[in-house]
Amino acid sequence: MKDLPAVVHRLQGPEDAREGYCCMTEVPTPWPKALCHCQDWLAINLGHYVEGYHLQLKASSVVGHLYFAPAERALIPYKVESKVGVMYCEWVHQRYQKQGFGRLLFDTFLEDMEEWGAKGILLEATDIEGQMHMDHYLSRGFTVVLENGHQKLLYRPINQTEIKVEALKPQIHPRSGLPVEILVLSGYLCPFEVATLILLPGVAREFGNQVVLRQVALTPETLQDYGAAQGIFINGRPCLTGAESEEAIRRVIIEEIESG
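Structure report, in brief. (Residues numbered from 1 in each chain as written. Predicted model: local features only at pLDDT ≥ 70, side-chain atom pairs only at ≥ 80, totals over all residues. Heavy atoms only, no water.)

Okay, helix α5 (residues 191-205) next. Within an α-helix, residues lying three or four positions from one another point in the same direction, as the helix has 3.6 residues per turn. Between the first and last C-alpha of α5 there are 23 Å, a value that for 15 residues agrees with the 21 Å anticipated at 1.5 Å per step. At Leu199, α5 is bent by approximately 30°, the largest bend along its length, and proline Pro201 sits one to four residues beyond. All of the buried residues in α5 are Pro191, Val194, Ala195, Thr196, Leu197, Leu200, Pro201, Val203 and Ala204. (Helix = DSSP H or I, 4+ residues; strand = E, 2+ residues; numbered from the N terminus. Expected span 1.5 Å × (residues − 1). Bend = angle between axes of the 7 residues up to and from the residue. Buried < 20%, exposed > 50% of the residue type's maximum accessible area, 1.4 Å probe, protein only.)

And the structure:
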């Protein structure tokens with residue numbers, strides 16, 4: 001793999017963040033504002049709530065990324081012991097998949113975790129194709145430690161076979177009635193989700209005092225307050241997942257108003 005025409009470099013500063021989220025650059029992204037928003041978040045929080053690597057073709061563009069944080073600073077809805085690396089997201093352009101580039105990216109991360117003395121690596125995968133599918137990581141030595149619907153929390157040991165990890169208790173409870181409360185939790189940002197977040201305030205304003213919008217930037221403290229790391233909750237229920245149109249957002253709000 002050392003002969004692959006690519007290099008992996010650790011993100012060092014805001015200038016690296018400007019090439020972040022290469023998953024949105026395979027084709028012209030339908031959410032350019034969301035992409036810029038996420039790159040700004042990466043630049044501001046790099047070295048604190050997020051760290052990472054970019055896979056770059058020699059003398060060319062970034063075609064892969066891996067973003068993570070130490071457990072002590074990771075924005076995830078779990079209580080995890082210290083000295084664990086928490087992966088947020090990994091991606092390699094489809095054109096370069098199954099050619100060893102993904103392995104090069106992950107192995108660089110793994111070597112750094114070993115040098116750091118990490119107990120292991122934790123990540124939240126899914127059983128949904130195209131969304132950090134668990135099978136991809138089971139083949140790398142990860143095992144499932146917790147499950148919640150489509151979400152699968154996986155662990156790969158390095159220096160410790162098992163770790164203590166537990167899901168935070170959700171503190172957001174369903175309600176009914178008016179005004180409809182929309183709660184937005186934004187932590188580690190994904191352009192897919194942010195595309196909806198950008199449209200949401202404008203749509204919510206159409207309903208006047210029938211709708212109250214609260215936007216919360218996630219920190220370790222607010223993670224404890226809400227027991228969730230991301231999401232759009234309408235009267236306490238997760239109703240929007242990402243990339244919805246204005247009309248789809250409007251429809252969900254109308255349904256909630258009418259049911260109340």
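The rest of the description comes next.
All right, on to the packing of helix α2 (residues 32-45) against α5 then. In contact at an axis separation of 8 Å, α2 and α5 are set at 110° when each is read in the N-to-C sense. The pairing of α2 with α5 is recorded here as roughly perpendicular in orientation. When you trace α2 past α5, the crossing you get is right-handed. Residues Lys33, Ala34, Leu35, His37 and Cys38 of α2 touch α5, and the partners they reach there are Pro191, Val194, Ala195 and Ile198. Taken together, the residues that form the contact of α2 with α5 break down as seven nonpolar, one polar and one charged. (Axes fitted to C-alpha atoms, helices over the stretch in contact; angles between N-to-C directions. Parallel < 35°, antiparallel > 145°, perpendicular 65-115°, else oblique. Left-handed = near helix turned anticlockwise from the far one by under 90°. Contact = heavy atoms within 4.5 Å. Nonpolar A, V, L, I, M, F, W, Y, C, P; charged D, E, K, R; others polar.)

A word on the sheet that holds strand β12 (residues 231-234). Taken in spatial order, the four strands make up an open sheet running β11-β10-β12-β13, and their pairing is mixed. Only two strands of the sheet have a single partner each, and these edge strands are β11 (211-217) and β13 (237-240). Between one strand axis and the next, the sheet turns through 30° on average, direction left out of account. Direction of pairing for β12 relative to β13: antiparallel, over a ladder of three bridges. In the sheet register, Ile232 faces β13, and the bridge partner there is Leu240. Strands β10 (180-186), β11, β12 and β13 of the sheet are contacted by α5, whose axis makes an angle of about 155° with β10. Contacts from helix α7 (residues 246-259) reach β10, β11, β12 and β13, with the element oriented near 145° to β13. (Pairing = 2+ DSSP bridges.)

Our next topic: the nonpolar core. In this structure, Tyr21, Val80, Tyr88, Leu122, Ile182, Leu185 and Ile253 are the most contacted members of the largest nonpolar core, which totals 61 residues. Filtering out sequence-adjacent residues up to four positions away, Ile253 remains in contact with Ile182, Val203, Ala204, Phe207, Val211 and Ile234. Judged by nonpolar contacts, the second largest core, of 27 residues, contains Leu4, Leu66, Phe68 and Phe142. (Core = buried A, V, L, I, M, F, W, Y, C linked by side-chain atoms within 4.5 Å.)

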